[in-house]
Amino acid sequence: MRILLAPMEGVVDHLMRDMLTRVGGFDLCVTEFVRVVDQKLPHKTFYKLCPELHNGSVTPSGVPVRVQLLGQHPEWLAENAQTAVELGSPGVDLNFGCPAKTVNKSKGGAVLLKETETLYNIVKAVREAVPADQPVTAKIRLGFEDKSLAIENAIAITEAGADQLVVHARTKTEGYKPPAYWDWIAKIRAHTNIPLVANGEIWHAGDALRCQEQSGCTDLMLGRGALAMPNLARTIRGEQAVMRWEEVADLLIHYSGYEIYGDKGRYYPNRIKQWCGYLKRQYPQAETLFNDIRKLQKADEIVAVLRRQSSHSSVA
């Protein structure tokens, strides 16, 4: 079983990737998307979204990080895919699943699921541009408004030469509302021979097992579930029990070190409040924490609240 950490725009940046891969259980991370329009992007754009490129494209704990591209023009995606690999990314991932209205309006992400031929042309161009020993992977939803093209799209991506396909088992219209239709991944599997990774609505180890049974997939990608339970990947592997709230508070304090002393210190108060929104799914204490820090704007004040809830008061 391989477990991948999902790309989540504005949430899973290099700091979060570092934090979650230190907790453990992940085999690969995928970056927030690099938006490609009509030009070859400068190296600084790739380094901004994937600073791990400076370190062999792995997190400090050694987990590989793959650059994800989003766009609509095959030739420009191919050129930028070459750049990503030249900078050290272990292959390239293509985003055909982003549901954001701003992205879809500019013909990127999930809206391309309405254009099977475009999917084929993009994957084919990128596959031809990237060295054969570097994987080209893609992430899709089951469709835009409905699932009528789910199988056709997966076949097109397979025939274009992709090495792996992650399927978020919902349409764009369904967004993030439960349930995820894992059985549709099994339908795709019946028509393709591409390695599939199941994604969507995996919050507990029990969800992971049901997903594997219904989808026929061994490999999983975790997104919001990993933010709601930081050691979800390790619980799925049977390596750990669910992390206690006191340990989560320790983790939030440790994260303050990244944010305060790193390059995003000014964002720490908002980021912790954002993270609480995910943690509330698994930990009722996160609701109390959010209410306690809701009006606080200084990092040291927030850390002081966290220390009262952590397993020990001397966390650096």
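The following refers to the structure shown. Nothing here was measured: the structure is a model prediction, and the numbers come from that model.

Let's shift gears to the overall build of the protein. Tallying secondary structure elements over the protein gives 14 helices and 8 strands in all. Taken over C-alpha atoms, the radius of gyration comes to 19 Å for the protein, in line with the 20 Å a tight globule of 316 residues would show. Summarising its shape, the C-alpha atoms of the protein cover approximately 55 × 45 × 35 Å along the three principal directions. Here the protein, with 316 residues, has 57% of them falling under the buried criterion. Relative to all contacts within the protein whose residues are 6 or more apart in sequence, the contacts with residues 24 or more apart total 69%. In the form shown here, the protein has an accessible surface area of approximately 13,200 Å², with 50% of it arising from carbon and sulfur atoms. Placing the 38 positive and 36 negative side-chain charges of the protein at their respective mean positions leaves the two points 5 Å apart.

Before going further, it helps to spend a moment on the packing of aromatic side chains. In this structure the tally under the stated criterion is 2 aromatic pairs. Relative to Tyr283, the ring of Trp245 has its centre 5.7 Å away and its plane inclined at 50 degrees; by these criteria the two rings are tilted. A residue pair is termed long-range when its members are at least 10 positions apart, and Trp245 in helix 11 (residues 245-261) and Tyr283 in the loop between helix 12 (268-279) and helix 13 (285-293) qualify at 38 residues. Look at Tyr255 and Trp275: their rings are 5.2 Å apart centre to centre, the planes differ by 80 degrees, and that puts the pair in the edge-to-face class. Linking Tyr255 in helix 11 with Trp275 in helix 12, this pair joins segments that are 20 residues apart in sequence. Comparing Tyr255 with Trp275 shows no difference in burial state: the two are buried. In this structure, Arg141 is placed above the aromatic ring of Tyr176, and the distance from its NZ or CZ to the ring centre is 5.0 Å.

Conventions we followed
Residues numbered from 1 in each chain as written. Predicted model: local features only at pLDDT ≥ 70, side-chain atom pairs only at ≥ 80, totals over all residues. Heavy atoms only, no water. Helix = DSSP H or I, 4+ residues; strand = E, 2+ residues; numbered from the N terminus. Rg over C-alpha atoms; globule rule 2.2 N^0.38 Å. Buried < 20%, exposed > 50% of the residue type's maximum accessible area, 1.4 Å probe, protein only. Contact = heavy atoms within 4.5 Å. Areas by Shrake-Rupley, 256 points an atom, 1.4 Å probe, with all protein chains shown as cover. Lys, Arg positive; Asp, Glu negative; His and termini not counted. Charge placed at Lys NZ, Arg CZ, Asp CG, Glu CD. Phe/Tyr/Trp six-rings, centres within 6.5 Å; stacked < 30°, edge-to-face > 60°. Lys NZ or Arg CZ within 6 Å of the ring centre and 35° of its normal.

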